[in-house]
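Spelled out from the first residue to the last, the chains are:
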Amino acid sequence: MNVVLIGFRGTGKTESGRLLAHLLDVPFYDTDALVEQEAGATVHEIFEREGEAGFREREKRAIADLPRGPGVFATGGGAVIDPENVEHLRRGRTMVLLQADEATIEKRIQHGSRPALTRMGLRAEIHALLEARKDAYLAAADYCIDTSARSANEVAIGIKRLLMEGGTKEGARREALLAVAGSGIPRPEVEELAARVDALAGNPVLRIFGVAGYPSLHSRSPSLFQHLFTYFEVNAYYTRFHDPALTRILGIARDLDVRGLSVTIPFKQEILRHLDHIDAHSRAIGACNTVVFCGGESYGYNTDWIGIRDPLGPSRGSRAVILGAGGAAAAAAYALLSLDMEVTLLNRTVERAERLAGRLGCHYGSIRDFGRIKPEVVVNATPVGMEPDTASPLSKSDLAPGMTVFDLVYTPPETPLIRAARGAGCTVIPGREMFVRQAKAQFRQFTGIDAPLGMIREILG
Ligand code: NAP
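Computed from a predicted model, the values in this text were never measured in an experiment.

About the cut-offs
Numbers given for residues are sequential positions, taken from 1 along each chain in its written order. Predicted model: local features are reported for residues with pLDDT of at least 70 only, side-chain atom pairs are reported and counted for 80 or more only, and whole-chain, interface and lining totals are derived from all residues. Note that the side-chain values use all heavy atoms of the structure and ignore hydrogens as well as water. When we say a residue is near a molecule or strand, we mean one of its heavy atoms is within 4 Å of it. Polar contact is defined as a pair of N or O atoms within 3.5 Å, subject to the rule that within protein one atom must be able to donate a hydrogen and the other to accept it, and that residues adjacent in sequence are counted only when both atoms are side-chain atoms. Helix and strand labels come from DSSP, where a helix needs a run of H or I of at least four residues and a strand needs a run of E of at least two; each type is numbered from the N terminus. Under the convention adopted here, Pro, Cys and the residues Ala, Val, Leu, Ile, Met, Phe, Trp and Tyr are nonpolar, Asp, Glu, Lys and Arg are charged, and Gly plus all remaining residues are polar. Note on pairing: two strands pair once DSSP finds at least 2 bridges between them. Here an axis means a line fitted to C-alpha atoms, over the contact stretch when the element is a helix, while the angle between two N-to-C directions is reported on a 0 to 180 degree scale. Pairing of aromatic rings covers Phe, Tyr and Trp, the last counted by its six-membered ring, and requires centre-to-centre distances within 6.5 Å; plane angles under 30 degrees mean stacked, over 60 mean edge-to-face, and any other angle means tilted. Charge over a ring is defined by NZ of Lys or CZ of Arg lying within 6 Å of the ring centre and within 35 degrees of the ring normal.

## Quick word on the site of the ligand
Argument step 1. Residues in contact with the ligand amount to 20 residues; listed here are only the nearest, Ala 325, Ala 328, Asn 347, Thr 349 and Arg 352.
Argument step 2. At a separation of 2.7 Å, an oxygen atom of the ligand approaches a polar backbone atom of Ala 328.
Argument step 3. Take Gly 431: an N or O atom from its main chain is 3.0 Å from a nitrogen atom of the ligand.
Argument step 4. Contributing elements (two or more residues each) for the shell around the ligand: helix 14 (327-338) and helix 18 (432-447).
Argument step 5. Classifying every residue of the shell around the ligand gives 11 nonpolar, seven polar and two charged.

Below, the structure is given as structure tokens:
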């Protein structure tokens, strides 16, 4: 057994970790203690002498050098904020997040000797740091356990049970497999999933992920994420859920104790109704494409807008037009507004553009207004140009040198709009770039690991 305990100070990592190591008969390591040993000084003294940056450097080295054999490893509260630390910690290990409410954390740490990280009062510091770190904690976890009302002994026993028996019962997993088999997924894929699920009985620490969509049979996410999991030695299997009813997919996900879902057409809006927690970006866009499950709760994120924002970083502050007013246009408008652009939504059905523009706070109009606006940035968020369509949403005369044209359509890789824009001397960004960047952000939310863009591009071919 190879287990890492992560989480905020006062959640019981050291005490529960020692007890868990005893129960599992493996050595216990505490990264703070390793840092202190190597430095010949206490954490408090290191903070005083070298500041937080000095401590983080030492912590990073200690994590990179952790012994590879079996063990229980307790980490400092800020360790998993750094994706490189998560990458080292995760290789072949199971990550368990210990959580506790703010009042319990305060009670547990108020007499401790650890240095404060901010100049706020203790309660305010706990609140601010938990807020800042919560997504990183969730991403880095395979399992979550609330320790607020549990003794260290109960926590250790609970983790051991989870590692030995998994998060759900075998009967529920069998039921879920039957539902997957009846959903139209090709037989070899169902058999592969069944083999993985069968293996859970003896080794329940494999975590299952999948894409939830209808259709989802052509999704490239399974092969991409499986490659990434294998490369980073994350003990996970990525499959697909293909069903017209989202509630059925969510039932299967619960019974298989699924850890994360990529959500795609037609469920990105509907999923919001089923989530326990929704991040501010998904709420504003009105759609969610990434879900993680931890400790019986579901958390929704949106990485589509990041896939549009990141390639457009150099165009901050530009005048922009978005063609379309559907789901992709909402993510695009949110992304461009976050880059301080002056955004106009142009749509075939103007009323739809008006509604979306009113909600997000931008301008709107009909496609005919394009010439009048003279945009510096254009994002195509309509399906025009998607195979087998060979049309372009803009004519040659609409395009001018210096314009940046981002076509969200990614089949074919070189769309008629991209070809025309390239010919007109525009800077072009093909739709694949959105997929690559949103997948990078999604993998980070699934695992806490920062996969290089080049690696994702290479895997997608
Ligand atoms: P959607 O919600 O159905 O919206 C489609 C929008 O396109 C609507 O505003 C619609 O106008 C407009 N439209 C449809 N056909 C049109 C036509 N022939 N002429 C002019 N406008 C037309 O779809 P979506 O989810 O936003 O997706 C839009 C496109 O974005 C997809 O086709 C896909 O290629 C792309 N996309 C790419 C990625 C990526 O990772 N690269 C991710 C998501 C989406 P009306 O309101 O008048 O119907």
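From this point, things continue past the structure.
## Some words on the sheet that holds strand 3 (residues 71-74)
Argument step 1. Reading across from one edge, 2-3-1-4-5 is the order of the five strands in this open sheet, with parallel pairing throughout. With one partner strand each, in any of the chains shown, strand 2 (28-30) and strand 5 (143-146) form the two edges of the open sheet. Across the sheet, the mean angle separating the axes of adjacent strands is 20° when strand polarity is ignored.
Argument step 2. Pairing between strand 1 (residues 2-6) and strand 4 (residues 94-99): four bridges, direction parallel. Its bridge partner lying in strand 4, Val 3 is registered against Thr 94.

## As for the packing of aromatic side chains
Argument step 1. Summed over all chains, the structure comprises 12 aromatic pairs.
Argument step 2. Consider the rings of Trp 305 and Tyr 334, whose centres lie 5.0 Å apart with planes at 80°: the pair is edge-to-face. Residue Trp 305 is located in helix 13 (residues 304-309), and its partner Tyr 334 is located in helix 14; the two are separated by 29 residues in the primary sequence.
Argument step 3. Within the aromatic cluster, the residues linked to one another by ring pairs are Phe 209, Phe 225, Phe 229, Tyr 231, Phe 232, Tyr 238, Phe 443 and Phe 446.
Argument step 4. Geometry around Phe 73 places Arg 93 over its ring, the cationic atom sitting 4.5 Å from the centre.
Argument step 5. Positioned above the aromatic ring of Tyr 143, the side-chain terminus of Arg 207 is 4.4 Å from the ring centre.

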